[in-house]
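Coordinate inspection notes
What follows is each chain in one-letter form.
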Amino acid sequence: MPQLPLRTRVTRVRLVTLLAASALAVGGSASLAVTPAHAASDSVVISAVYGGGGNSGAPYQNDYIELYNRSSNPVDLTGWTLTYYSAGGNSGGTTTLSGSVTAGGHFLVQEGAGTGSAPALPAPDASGTLNMSATNGSVVLRQAGATVDTVGYGAVTSSYVEGSNAPAMSNKTADSRSTGCIDTDDNSQDFVGADPRPLNSTAPAGVCGTDGNTQPPPTGTSSSIEQIQGIGFESPLAGQQVKDVRGIVTAVNGSAGFWIQSATPDDNPRTSEGLYVFGGAGMVKVGDAVTVAGKVSEYRPGGVSNGNLTTTELGSPNIQVTSSGNPLPEAIEIGSTGHVPPAQVVEQGTPGNVEQAGLTLDPAMNALDFWESLEGMRIQETDAKAVGPTATSYGETPIVPANTTDVTWTPDGGVLYRSYDTPNAMRLILSDALLPKGSIAPANTGDSYAGVTAGVLDYNFGNFTLMATQAGQRQSGGTTRDVVEPAGKKQAAVATFNVENLAPSDPQRKFDRLAGQIVTNLASPDILAIEEIQDNTGATDDGTVDSTATTDKLIAAIRSAGGPSYQAKWINPVNDQDGGQPGGNIRSVFLYRSDRGMTFVDKPGGTSTNSVAVTGKGPWASINYSPGRIDPTNSAWEDSRKPLVGEFLWWGKPLFVVANHFNSKGGDDGIMGRYQPPQRSSEVQRHAQATAVRGFIDDLLAANKHANIVVLGDLNDFNFSQTAAILKGSGRTAMTDLIDTLPPNERYTYDYQGNSQVLDQILVSPALTTKYDYQVVHTNSQFYDQDSDHDPQVVKLAVH
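This text gives an overview of the structure that appears in the document. A quick note: this is a predicted structure, and the numbers were derived from the prediction, not measured. (Residues numbered from 1 in each chain as written. Predicted model: local features only at pLDDT ≥ 70, side-chain atom pairs only at ≥ 80, totals over all residues. Heavy atoms only, no water.)

**A word on the pairing of strand S37 (residues 653-661)**
- Counting buried residues along S37, seven of its nine residues qualify, which places the element largely inside the surrounding structure.
- Across seven bridges, the pairing between strand S36 (residues 644-650) and S37 is antiparallel. Considered in S37, the bridge of Trp650 is made with Lys653.
- Bridging between S37 and strand S39 (residues 709-714) involves six bridges; their strand directions are parallel. Residue pairing across strands places Asn660 opposite Gly713, the latter belonging to S39. (Buried < 20%, exposed > 50% of the residue type's maximum accessible area, 1.4 Å probe, protein only. Helix = DSSP H or I, 4+ residues; strand = E, 2+ residues; numbered from the N terminus. Pairing = 2+ DSSP bridges.)

The following block contains the structure:
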């Protein structure tokens, strides 16, 4: 599993925040009905819609729909209805109206409230509970079932729209009819984006609509972008109202906001020339010169209490477009003279929270400062190199400049995280969030993007992010999946493989591809320690703990792929006590084949809560339970997987195998976060886990110093960590961590945000070090079409 908890992804943060905050609770299925055609209404029309009520930054607590009577007579609305539809056409509910609207009058319908705290609407004339999307959706006004008026706003794909769509909205913007409330039956012509200005029946009659320029006069202190950004990690003007902020619009973030950059930069390398404006995206386009007023704030993705840096932004904006079609400020070439990010220094010294340390940015010395000084600005990389695979679900790829130095390159073109002092801080996350889907081809580690990849620099969830507005063409780096040679007749092949939350409900394709790796790439080893096998009902938290359906499905897929008939051994955990995906009850499982000389020594009695123990001495040393668990009630294993121990015989020779899956790195500070140096709080538990496993190893070696022991699995820690050192031990009983026997640049089993690193390991006892053949089998971590996020590894042993 990933080192840190799965997150709402990086680059879409501000837009996703808006979408998630107004998520619909819809029922039924997508309607196939076609909205009845109708003439432009000469009586009541929908004059405004707003769906961001109660969301982050919303000016009002509730969504609303505003009606206007264009006729010269009052209209009785009794029995009329307003129905909301999602962008895809799913019905989100109906509000039935009562009352009447006077000639030339307004009628305000209050709808659902958000979870935030914002001012109430003016007194509504009717109320409902519709939860409307802040960005995309449709509202239909009907009388006796006949459609009177329809508004489709944002990225609506259903038939509930007149002509073309009205502008997308946001938490801070509504769609309002143009001045005079003209109805041409074309939403794109009839509606403009505007500040929410709800009008009820007390509003002046005969006045309707807006030109979109309904903003209050700008107030505050005249400021430049550079003055707002300042020379530190946070704005010196945070919390203040500013005006006369001038810049060129360089990118638009959907309906959420936009970036501007100064056309007259200063000569201070510490001050950024770029700034994000939250709101008003519907009022601008790229190349517009704007003058903006608003309130300066610091936005922290993921909430106020996490370790992410903030980004400076201007909220509740008053926007004046002064000209259009302007050339964009020249993008800074990352890696060019004067713009080389320090690769291995994130932040000198031990400042703690950099945002509270009063630091002045030093871009030439510190990577964190380098990127912070470019926040919101246009940057580019030429022939950028992918140092990790594209996360296709989010359109994100870790990249570095083509001329990067001061790193250890892996054979497939990644960069190695070889110690805590080599953060490889020149990495960026390339995001396609501002481009049409599919604009950036997915990459494997070692691929490159030929030509210029350009965009604006943002920061989200622990990483600086290049929000691309232009991307180079992907060129293959030739990375291919490894295939091992089959074990010899007298070689016992033992492997470990984290299969990433494998459950029976997963597509058959995942089982088939994993089976293909086991049979083809791993050459069907004699023993497989499999991590992250879920129970029979997967993530459904229904009390099920048995995993027979999961292992049976994997074993059948291996057989169908031409592999041998494996058997499985495991111990079911106590429900919801071993961590991982809630309800999944992940555990380690032994798969073994018995057609080459390997047998399992079955010693019943091992349970989820009793502990395996060493019995006997010398050649007769053994264990009481097989399979068994190491000290499962030890607090070291709280909310974490317990090690599985099995005794095997290889041509009659005892072989003890310990399968591990230590606790994750969740809760650790990020490399590029506000706390420097990063604190690794999660390793305390792994140290205790390693100590418990090492205690079992010591007991077994004390009983028989020649014992054949393999300790393997997803240790969730690095080969240079204290966790690994504890497991290895010292002196005559030291275990050999086989990853350390490889050339330094080949020591990786996992890729995290572009850092190739070790999480999975195989350690062997002294008796097994006389002759072995060990390989990390790179089949997943470098590939965007991976079947797991971990690479398997295998050792072929001479067991005596």
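**Considering the state of the cysteines**
- Counted under the stated rule, the structure contains one disulfide.
- The side chain of Cys181 participates in a disulfide bridge whose partner is Cys208; the two sulfur atoms lie 1.6 Å from each other. Highlighted residues: Cys181 in the loop between strand S11 (174-177) and helix H2 (187-190) and Cys208 in the loop between strand S12 (191-194) and strand S13 (221-222), separated in sequence by 27 residues.
- Classification of Cys181 by relative accessible area gives buried; the value is 0%. (Disulfide = S-S within 2.5 Å.)

**Details of the side chain of Thr779**
- Along the polypeptide, Thr779 turns up in the loop between strand S44 (772-776) and strand S45 (793-797).
- What makes Thr779 buried here is its relative accessible area of 0%.
- There is a polar contact of 3.2 Å between the side chain of Thr779 and the side chain of Asn780.
- Residues contacting Thr779, with those up to four places away along its chain left out, are Arg481, Asp482, Gln517, Asn521, Asp791 and Pro792. (Polar contact = N/O pair within 3.5 Å; in protein donor to acceptor, adjacent residues only side chain to side chain. Contact = heavy atoms within 4.5 Å.)

**With respect to unusual backbone geometry**
- Residues Ser626 and Pro627 are joined by a peptide bond in cis, for which omega reads 5 degrees.
- Tracing the backbone through its elements, the reader meets Pro627 in the loop between strand S34 (622-623) and strand S35 (628-629).
- Omega for the peptide link from Gln676 to Pro677 comes to -5 degrees, which places this bond in the cis form.
- You can see Pro677 is positioned in the loop between strand S38 (675-676) and helix H7 (683-703).

**Points about the environment of Asp639**
- Relative to the helices and strands, Asp639 resides in the loop between S35 and S36.
- The sequence separation of Asp639 and Thr548 amounts to 91 residues, and the corresponding C-alpha distance is 22 Å.
- Apart from residues lying up to four places away in sequence, Asp639 is in contact with Gln577, Asp578 and Gly579.
- A polar contact of 3.3 Å, which involves the side chain of Asp639, links it to the backbone nitrogen of Gly579.

**Examining the nonpolar core**
- Core analysis: the largest hydrophobic core is formed by 30 residues, its most contacted members being Leu368, Trp371, Leu374, Ile379, Leu428, Phe464 and Met672.
- In terms of residues, this core owes the most to one element, helix H4 (residues 367-372), which gives four residues.
- If we ignore the near neighbours within four places in the chain, the residues touching Leu428 are Trp371, Ile379, Glu381, Thr397, Pro398, Ile399, Leu457, Phe464, Thr465 and Leu466.
- Of all hydrophobic cores here, the second largest spans 29 residues; its members include Leu644, Leu712, Tyr774 and Leu797. (Core = buried A, V, L, I, M, F, W, Y, C linked by side-chain atoms within 4.5 Å.)

**Some remarks on the sheet that holds strand S9 (residues 137-143)**
- Reading across from one edge, S5-S4-S9-S10 is the order of the four strands in this open sheet, with antiparallel pairing throughout. Among the strands making up the open sheet, the edge pair consists of strand S5 (91-96) and strand S10 (146-153). On average, adjacent strands in this sheet sit at an angle of 15 degrees to one another, irrespective of strand direction.
- Bridge count between strand S4 (residues 81-85) and S5: four bridges; the pairing is antiparallel. (Axes fitted to C-alpha atoms, helices over the stretch in contact; angles between N-to-C directions.)

**Quick notes on the side chain of Arg378**
- On the secondary structure map, Arg378 appears in strand S21 (residues 378-386).
- Here Arg378 sits buried without a salt bridge, and the closest side chain of opposite charge, Glu330, lies 8.2 Å off (N-O distance).
- One polar contact links the side chain of Arg378 to the main-chain carbonyl oxygen of Pro329, over a distance of 2.6 Å. (Lys, Arg positive; Asp, Glu negative; His and termini not counted. Salt bridge = Lys/Arg side-chain N within 4 Å of Asp/Glu carboxyl O.)

**Quick look at the packing of aromatic side chains**
- One pass over the full model with this rule turns up 17 aromatic pairs.
- Judged by centre distance (5.9 Å) and plane angle (65 degrees), the ring pair of Tyr417 and Phe720 falls under edge-to-face. Pair noted here: Tyr417 is in the loop between strand S23 (415-416) and strand S24 (428-431) and Phe720 is in the loop between S39 and helix H8 (722-728), with a separation of 303 residues, a long-range link.
- For Tyr417, a relative accessible area of 10% puts it in the buried group.
- Judged by relative accessible area, which is 27%, Phe720 ranks as partly exposed.
- Every member of this aromatic cluster is reached through a ring pair, and the members are Phe370, Trp371, Tyr459 and Phe464. (Phe/Tyr/Trp six-rings, centres within 6.5 Å; stacked < 30°, edge-to-face > 60°.)

**Considering the sheet that holds strand S7 (residues 106-113)**
- As summarised here, the arrangement of the six strands in space is S8-S7-S2-S1-S11-S12, forming an open sheet in which the pairing is mixed. Each having just a single partner strand, strand S8 (126-127) and S12 make up the two edges of the open sheet.
- When strand S1 (residues 44-50) meets strand S2 (residues 62-69), the two strands line up antiparallel, connected through six bridges. Across the sheet, Ala48 pairs through a bridge with Glu66, a residue of S2.

**Some remarks on helix H6 (residues 548-560)**
- When the terminal C-alpha atoms of H6 are compared, their 18 Å separation across 13 residues agrees well with the 18 Å that a helix rising 1.5 Å per residue should span.
- Of the positions making up H6, those classed as buried are Thr550, Thr551, Leu554, Ile555, Ala557 and Ile558. Buried residues of H6, seen end-on, are gathered within an arc of 160 degrees and therefore sit on one face of the element. Opposite its buried face, H6 presents the exposed residues Arg559 and Ser560, each directed more than 90 degrees away.
- Looking one or two residues beyond H6, the residue adopting positive phi is Gly562, at roughly 95 degrees. (Expected span 1.5 Å × (residues − 1). Arc of directions from axis to C-beta.)

**Here's the deal with the environment of Tyr68**
- Positionally, Tyr68 belongs in strand S2.
- Tyr68 sits 40 residues away from Leu108 along the chain, and the two C-alpha atoms are 8.9 Å apart.

**Quick look at the environment of Gly99**
- Mapped onto the elements of the fold, Gly99 is located in the loop between S5 and strand S6 (100-101).
- Residue classification places Gly99 among the partly exposed residues on the basis of a relative accessible area of 32%.
- For Gly99 and Pro573, which are 474 residues apart along the polypeptide, the C-alpha to C-alpha distance reads 62 Å.
- Ignoring anything within four residues of it in the chain, the contact list for Gly99 reads Val75, Asp76, Leu77 and Thr78.

**Brief notes about the pattern of salt bridges**
- Per the counting criterion, the structure on display carries 23 salt bridges.
- Between Glu647 and Lys603 there is a salt bridge, and its shortest N-O distance comes to 3.6 Å. On the criterion of sequence distance, the pair formed by Glu647 in strand S36 and Lys603 in the loop between strand S32 (598-600) and strand S33 (614-615) is long-range, its members being 44 residues apart.
- We classify Glu647 as buried; its relative accessible area is 6%.
- Given a relative accessible area of 24%, Lys603 falls into the partly exposed group.
- Asp740 serves as the salt-bridge partner of Lys728, at 3.1 Å between the closest nitrogen and oxygen. Within this pair, whereas Lys728 is found in helix H8, its partner Asp740 is found in the loop between strand S40 (736-737) and strand S41 (750-752), the two being separated by twelve residues in sequence.
- Salt bridges here are not isolated pairs; linked through shared partners, they connect Asp149, Arg177, Asp183 and Asp190.

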